[in-house]
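Survey of secondary and tertiary structure
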Amino acid sequence: MIVPGSASQALAAELAAELDRPLAAVEYERFPDGELLASFSPDDVDGDEAVVVASTTSNDAYIELLQLQDALREAGVEEITTVIPYIGYARQDRAFEAGQPISVRAVARAVSTGTDRVLTVDPHEETVREFFDVPTESVTAAGRLAEPLSELADPVFLSPDAGAIGLAETVRDAYGAGETDYFEKTRRSGSEVEIAPSDVEVGGRDVVVVDDIIATGSTMSEAIAVLQGRDPARVFVSCVHPMLVGSARTKLARSGVEAVYGTDTIERAESRVSAAPAIAEALR
Ligand code: R5P
């Protein structure tokens, strides 16, 4: 049985289809005081294994996930796998200043109490897996980001920082041609970044900028601004997790981007490809 969190309903349905498993009908309710209640019919419980699929894009999503795990245990399910396609708080993976928490460790510990295994997709840092107290693995959906890209002119695949070069290489390899390189990024604040150009020649070429996540869009729009001064043909943006908060879309549109492509680890209009096949392969 595949049990969706409210933020991952489309992905959970894709996964259920890929694995040919039933999809639980979860109800998501809210009490007048704001507290949540995620539940499913006991008739949906099928066998002693279940897979919860819930991207934790909000605090509420974490609560829902914990509730679904608990309801499954309550219904007698013995083997629970928790798929967290996008792990919220993963970017606070260290205490950057004295007095700060390692937020992802705190939520990982809580999630671990209700599951036997965790699976995630392209986490911000692979080291995040170490914070869970149960076996945790990650899969990549980045290769699928090549699917909407077609007939690129002498393409260059760039990442906004050295940390994401592996993703740019994965998309390039899946596309089947092109050069890769990365920019140097310095973060000035939560919404301000400074991008120094890569040395690669982009004049007259199609450029695909690849990152793990687009949140405020500052990183991508700064990267594209650097590129636009160097006459690329077209600029595409690809990311695994299209968070796209606040004015991210406006920033990207103003930067002159041709198209933005993401996966359904975060379900948005830009989710052009599904992470379900990669997740299904790991679960089979
Ligand atoms: C940071 O290292 C990440 O890989 C992303 O580049 C970053 O989180 C994107 O955030 P934003 O869209 O707010 O610049």
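Summarised in this report is the structure supplied together with it. Note that this is a predicted model, so its numbers are computed, not measured.

What counts, and where the lines are drawn
Residues numbered from 1 in each chain as written. Predicted model: local features only at pLDDT ≥ 70, side-chain atom pairs only at ≥ 80, totals over all residues. Heavy atoms only, no water. Axes fitted to C-alpha atoms, helices over the stretch in contact; angles between N-to-C directions. Helix = DSSP H or I, 4+ residues; strand = E, 2+ residues; numbered from the N terminus. Parallel < 35°, antiparallel > 145°, perpendicular 65-115°, else oblique. Left-handed = near helix turned anticlockwise from the far one by under 90°. Contact = heavy atoms within 4.5 Å. Buried < 20%, exposed > 50% of the residue type's maximum accessible area, 1.4 Å probe, protein only. Arc of directions from axis to C-beta. Core = buried A, V, L, I, M, F, W, Y, C linked by side-chain atoms within 4.5 Å. Domains from an automatic or database assignment. 1 Å grid on protein atoms, 1.4 Å probe; cavity = no way out; pocket = protein on both sides within 12 Å on 5 of 7 lines; lining within 4 Å. Points joined across faces, edges and corners; volume = space filled by probe spheres on them. Nonpolar A, V, L, I, M, F, W, Y, C, P; charged D, E, K, R; others polar. Near = heavy atom within 4 Å. Polar contact = N/O pair within 3.5 Å; in protein donor to acceptor, adjacent residues only side chain to side chain. Areas by Shrake-Rupley, 256 points an atom, 1.4 Å probe, with all protein chains shown as cover. Sits in = over half its atoms within 2 Å of the grid points. Pairing = 2+ DSSP bridges.

Before going further, it helps to examine the packing of helix α1 (residues 9-19) against helix α7 (residues 276-283). Running from N to C, α1 and α7 point in directions that differ by 50°, and their axes come no closer than 9 Å. It follows that α1 is oblique to α7 by the angle criterion. By crossing handedness, the relation of α1 to α7 is classed as right-handed. Residue-level contacts link L11, E14, L15, E18 and L19 of α1 to A276, P277, I279, A280 and L283 of α7.

Taken as a whole, helix α4 (residues 165-175) has its buried residues at I165, L167, A168 and V171. Mapping the buried residues of α4 onto a view down its axis gives an arc of 160°, with all of them on the same face. Buried-residue contacts for α4 involve β8 (156-159), β9 (179-182), β12 (207-214) and β13 (235-242). Two residues or fewer after α4 comes G176, characterised by a positive phi angle close to 105°.

Core analysis: the largest hydrophobic core is formed by 37 residues, its most contacted members being I2, L15, V53, L149, V171, I279 and L283. Those elements giving two or more residues to this core turn out to be α1, β4 (49-53), β6 (117-121), α4, β12, β13, β14 (259-263) and α7. Structurally, this core is a two-domain feature, drawing no fewer than three residues from each of domain 1 (2-140 + 276-283) and domain 2 (142-264). Apart from the residues lying within four places of it in its own chain, the contact partners of V171 are A142, L145, A146, L149, F157 and V210.

With that settled, the discussion passes to the layout of surface pockets. Within this model, the largest pocket holds a volume of roughly 1,100 Å³. Taken together, 40 residues form the lining of the largest pocket, with R91, H124, R187, D212 and I213 sitting closest to its centre. At the level of secondary structure, the elements contributing two or more residues to the lining of the largest pocket comprise α4, β10 (184-189), β12 and α5 (218-228). Per-element accounting of the lining of the largest pocket gives the leading share, four residues, to β12. Of the residues in the lining of the largest pocket, the class split is 14 nonpolar, 15 polar and eleven charged.

Let us look at the site of the ligand. Taken together, 14 residues are adjacent to the ligand, and R91, D211, D212, T216 and T219 come closest. Contact distances for the ligand include 2.5 Å between an oxygen atom and a side-chain N or O atom of D211. At a separation of 2.5 Å, an oxygen atom of the ligand approaches a polar side-chain atom of T219. A total of 370 Å² of accessible area belongs to the ligand in isolation, and the protein chains cover 91% of it. Mapping the ligand onto the cavity grids shows that it belongs to the largest pocket. Mapped onto the shell around the ligand, the elements with two or more residues apiece are β10, β12 and α5. The leading source of residues in the shell around the ligand is β12, at four residues. The class makeup of the residues in the shell around the ligand is three nonpolar, five polar and six charged.

Along any regular strand, the residues point their side chains to alternate faces of the sheet. Strand direction decides the pairing type here: strand β2 (residues 26-30) and strand β3 (residues 36-40), joined by five bridges, are antiparallel. In the strand pairing of β3, R30 is matched with L36. Between β2 and β3, which pair antiparallel one after the other, the connecting turn spans five residues, and G34 there sits at a positive phi close to 100°.

To continue, consider the environment of V193. Turning to its location among the elements, V193 is positioned in strand β11 (residues 192-196). You can call V193 buried: its relative accessible area is 8%. With 27 residues separating them along the chain, V193 and M220 place their C-alpha atoms 9.5 Å apart. Look past the residues within four positions of V193 in its chain and what remains in contact with it is K185, T186, R187, R188, S218, T219 and E222.

Each strand in a sheet pairs with its neighbour through backbone hydrogen bonds, running either in the same direction (parallel) or in the opposite one (antiparallel). The strand order across the open sheet formed by six strands is β9-β8-β12-β13-β14-β15, and the pairing between neighbours is parallel. Edge positions in the open sheet fall to β9 and β15 (271-273), since each of these has one partner strand only. Between one strand axis and the next, the sheet turns through 35° on average, direction left out of account. Bridging between β8 and β12 involves three bridges; their strand directions are parallel. For F157, the partnering residue across the bridge sits in β12 and is V208.

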